[in-house]
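Architecture and fold: a report
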Amino acid sequence: MPTILVVEDDSLNLEMVKSFLSLNGYDAAAAVTAEEGLRLAQQTPLLAALIDLRLPGGMDGLELGRRMKANAALADIPLIAITAHNEPGLEQAAYQAGFEGFLMKPLSLAKLKQAIMATVR
């Protein structure tokens, strides 16, 4: 099964997304921090990545996206930003960091499926 990376520090959201992906024919590689997500991305062939923009630790989701897009081996992986923060300019910042999709929490499973289908090549 194709694998989608999910980088999410909220355990409830993480489990919901993992279950959704499983029901839709995808494996999920799960990480709680951006650092762990970057490590998984480098070790696992990925179809796409769903990345929370606010993460614990030294690196946030925007920086993770930038690093993935700057890495030739990871640059083609479609990135979808997930956030609960409706800050002015955040969506634009995500697209500038290389994200192809942007979703607000609480996540709608229909919108999540639509975002995956729109970004996966």
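Everything in this summary refers to the structure shown in the same document. (Residues numbered from 1 in each chain as written. Predicted model: local features only at pLDDT ≥ 70, side-chain atom pairs only at ≥ 80, totals over all residues. Heavy atoms only, no water.)

A closer look at the pattern of salt bridges
Two side chains with opposite charge may pair up if their charged atoms get near one another. Counted according to the given criterion, the structure contains seven salt bridges. Of the charged contacts, one joins Glu8 and Lys105 as a salt bridge, the two residues approaching to 2.9 Å between their closest N and O atoms. In this pair, Glu8 sits in the loop between β1 (3-7) and α1 (11-23) while Lys105 sits in the loop between β5 (101-104) and α5 (109-119), placing the two residues 97 residues apart along the sequence. In this structure, Glu8 and Lys105 share a single accessibility class: buried. The closest approach of N and O atoms between Glu63 and Arg66, which form a salt bridge, is 3.2 Å. Placement of the pair is Glu63 and Arg66 together in helix α3 (residues 61-70), with a separation of three residues, close to one helical turn. (Salt bridge = Lys/Arg side-chain N within 4 Å of Asp/Glu carboxyl O. Helix = DSSP H or I, 4+ residues; strand = E, 2+ residues; numbered from the N terminus. Buried < 20%, exposed > 50% of the residue type's maximum accessible area, 1.4 Å probe, protein only.)

Some thoughts on the environment of Ile82
Among the structural elements, Ile82 can be located in strand β4 (residues 79-83). Between the alpha carbons of Ile82 and Ala94 there is a distance of 9.6 Å; along the sequence they are twelve residues apart. If sequence neighbours within four positions are ignored, Ile82 has contacts with Glu8, Leu50, Ile51, Asp52, Leu53, Leu103, Lys105 and Leu107. (Contact = heavy atoms within 4.5 Å.)

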